[in-house]
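# Understanding the architecture of this molecule
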Amino acid sequence: MKFLCTDCDTAMKFKDVTRPEQGSVTALFECPDCFTEIAMFLNPSETQMLKSLDLQLGGTNAAAQPMQMVRSQLETAKSDAMPNEVSPETSASETAEGGKCPFTSVISDAFQEAPEPAEPTGPVWTPEALERLDRIPSFVRPMAKMGIESFAKENGHDEITGTVMDAARGNFPAQF
Amino acid sequence: MKSYKELPSDAGSNIIGQVTAQANRVQKRLTSVKHTVAIMSGKGGVGKSSLTANLATALTLKGNAVGVVDADINGPTLAKMMGVRNATLTYTPAGVKPAITTLGTKLISMDLLLAEDDAPVLWNAHTQKDAFTWRSTMEVSALREFIADTEWGTLDYLLLDLPPGTDRLPNVVELIPNLGGVIVVTIPSEVSQLIVKKSVTMTRDILNVPIIGIVENMASYVCQHCGEEEHLFVTEEPLDDVFQKISLGAVPFDPRLARASDNGIAYLDEHPDAPASKALIQIAEKVQAFFEGEDLHALPVGAVS
């Protein structure tokens, strides 16, 4: 993709990119002559396509790390799937903590979802709904929980009940 | 107003540069690999992964350094078949250290990364809705990283066990433009041979990759009691004439081979004199002969020793 400032007839330059919010990335471009800025929004599918190609908007100077895409993007990976090799130089404190989990110390966090802004209140889970949530396989539970809460918010539910979960079910690959 | 071609770059992302760097990582890793072989089939259930595991063992027993990529990202089985399912992949800045079997064969597989037995491959995404638009791309990127970022060391053979169908081979050829050759696995059923023709056409005529040969798996059944060889498939049809000419051999069905796969035991090591072992060793010899430049398909069966 290339961008042209039509007033100056000058190629625009990449300026900044935000971390995904609600799955969407925003990239800013600037005209080097008149400093006009434009924003390009990538929808969740476009953002995901970029992630799947392991490409960085705005380029990168950092050398790629081994299996950085798999390590950062595999949702159903075990927590100790790829521990760092413990070398004699490894600090004592690091080994005492069992080493750093590579899935939480991923090299580039450019594609990690930005934290949701804090909200004073959110949908409340009923005991029945929580029990059903516990029956969802552990590796998809966090994603399902987030999705159900998002569905409840979007549809104006203050409380997540079994009925709300049934209504949300169609939106997810996991059954619950 | 300037046109697309008149603009000097893509505003600084250098996407082409990033893609080129990814391709270079694959090529750099493969400089220490002599031969790359893709094992494919037209359809599932023909024993392709079992053949890959046993061919890797046969080549290893012949003194070769062998690595295996389980390229079936969504249905990985080789870690179990090769007895390394409990292995831990170790991360180093130079690459990820693969699982290594008791015989010394190296393996990288998605199965070694998944949390639980019933955990499918699920990629991080804001929503899984419309995942069909990007999931295949994610799988190809994972395959690229498996090839490029595993610390293979020096290998004589790197075998890639592809998922069923013809769709993954073009991806592999894009990742490994100088792919050494393809082995196509079939069984003596008309259905399988109908589909295997598509694999041969894709490999030879569209991608211009050499076909090392076709392996007819489960070709017969050797009675455990009397040693008599029987046909396994009632509706057995002989291999198509064209396929006969490029046949690497036929592997008889042996329940012990299936059991060995389930238990992660090297069948060839356990039963070296079994007919299936002899067939697998002969196939390995033909693969070696192919890469030594022999006109494999001009040789009579059994000529390669």
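Keep in mind that this is a model prediction, so the values were computed, not measured.

Helix and strand counts for chain B stand at 10 helices and 11 strands. Expressed as a percentage of the 305 residues in chain B, the buried residues total 54%. A separation of at least 24 residues holds for 75% of the contacts in chain B among residues at least 6 apart in sequence. Of the accessible surface of chain B, which amounts to about 13300 Å², a share of 52% is contributed by carbon and sulfur atoms.

This brings us to the pairing of strand S8 (residues 181-186) of chain B. Residue and element names in this part refer to chain B. Of all six residues in S8, six are buried; the element is thus mostly enclosed. In S8, alternate side chains face the same way, and those of Gly-181, Ile-183 and Val-185 on one face and Val-182, Val-184 and Thr-186 on the other are all buried. Pairing between strand S1 (residues 33-41) and S8: five bridges, direction parallel. From the neighbouring strand, Val-37 faces S8, where its bridge partner is Gly-181. In this structure, S8 lies alongside strand S9 (residues 211-222), joined through five bridges in parallel fashion. Residue pairing in the sheet places Ile-183 in a bridge with Gly-213 of S9.

Moving on, we get to the environment of Pro-93 of chain B. Residue and element names in this part refer to chain B. Topologically, Pro-93 is positioned in the loop between strand S3 (90-92) and strand S4 (95-97). Take Pro-93: its relative accessible area is 68%, and that puts it in the exposed class. Between the C-alpha atoms of Pro-93 and Asp-149, which are 56 residues apart in sequence, the distance is 9.6 Å.

Turning to the interface of chain A and chain B, a few remarks are in order. Contact residues are listed per partner, giving 52 residues for chain A and 54 residues for chain B. At the boundary of chain A and chain B, one finds one salt bridge. Residue Lys-2 of chain B is joined to Asp-9 of chain A by a salt bridge in which the shortest nitrogen-to-oxygen separation is 4.0 Å. For the pair chain A and chain B, the interface holds 28 residue pairs in polar contact (both at pLDDT 80 or more).

Next up on the list: the nonpolar core. In terms of nonpolar packing, the biggest core is built from 96 residues, with Met-110, Trp-123, Leu-159, Leu-179 and Ile-183 of chain B touching the most fellow members. Examining the composition of this core, we find that seven residues originate from one element, helix H10 (residues 275-291) of chain B, more than from any other.

What follows deals with helix H1 (residues 15-30) of chain B. Since one α-helical turn is 3.6 residues long, residues separated by three or four positions face the same way. Residue and element names in this part refer to chain B. Here H1 spans 23 Å end to end across 16 residues, near enough to the 22 Å set by a 1.5 Å rise per residue. Where H1 is concerned, the buried positions are Gln-18, Gln-22, Val-26, Arg-29 and Leu-30. Projected down its long axis, H1 shows its buried positions confined to an angular sector of 125°, all on one face. Exposed and facing more than 90 degrees away from the buried side of H1 are Ile-16 and Lys-28. Buried residues along H1 sit in contact with S1, S4, helix H4 (135-149), strand S7 (155-161) and helix H5 (168-175).

What counts, and where the lines are drawn
Residues numbered from 1 in each chain as written. Chains lettered and ligands numbered in written order. Predicted model: local features only at pLDDT ≥ 70, side-chain atom pairs only at ≥ 80, totals over all residues. Heavy atoms only, no water. Helix = DSSP H or I, 4+ residues; strand = E, 2+ residues; numbered from the N terminus. Buried < 20%, exposed > 50% of the residue type's maximum accessible area, 1.4 Å probe, protein only. Contact = heavy atoms within 4.5 Å. Areas by Shrake-Rupley, 256 points an atom, 1.4 Å probe, with all protein chains shown as cover. Pairing = 2+ DSSP bridges. Salt bridge = Lys/Arg side-chain N within 4 Å of Asp/Glu carboxyl O. Polar contact = N/O pair within 3.5 Å; in protein donor to acceptor, adjacent residues only side chain to side chain. Core = buried A, V, L, I, M, F, W, Y, C linked by side-chain atoms within 4.5 Å. Expected span 1.5 Å × (residues − 1). Arc of directions from axis to C-beta.

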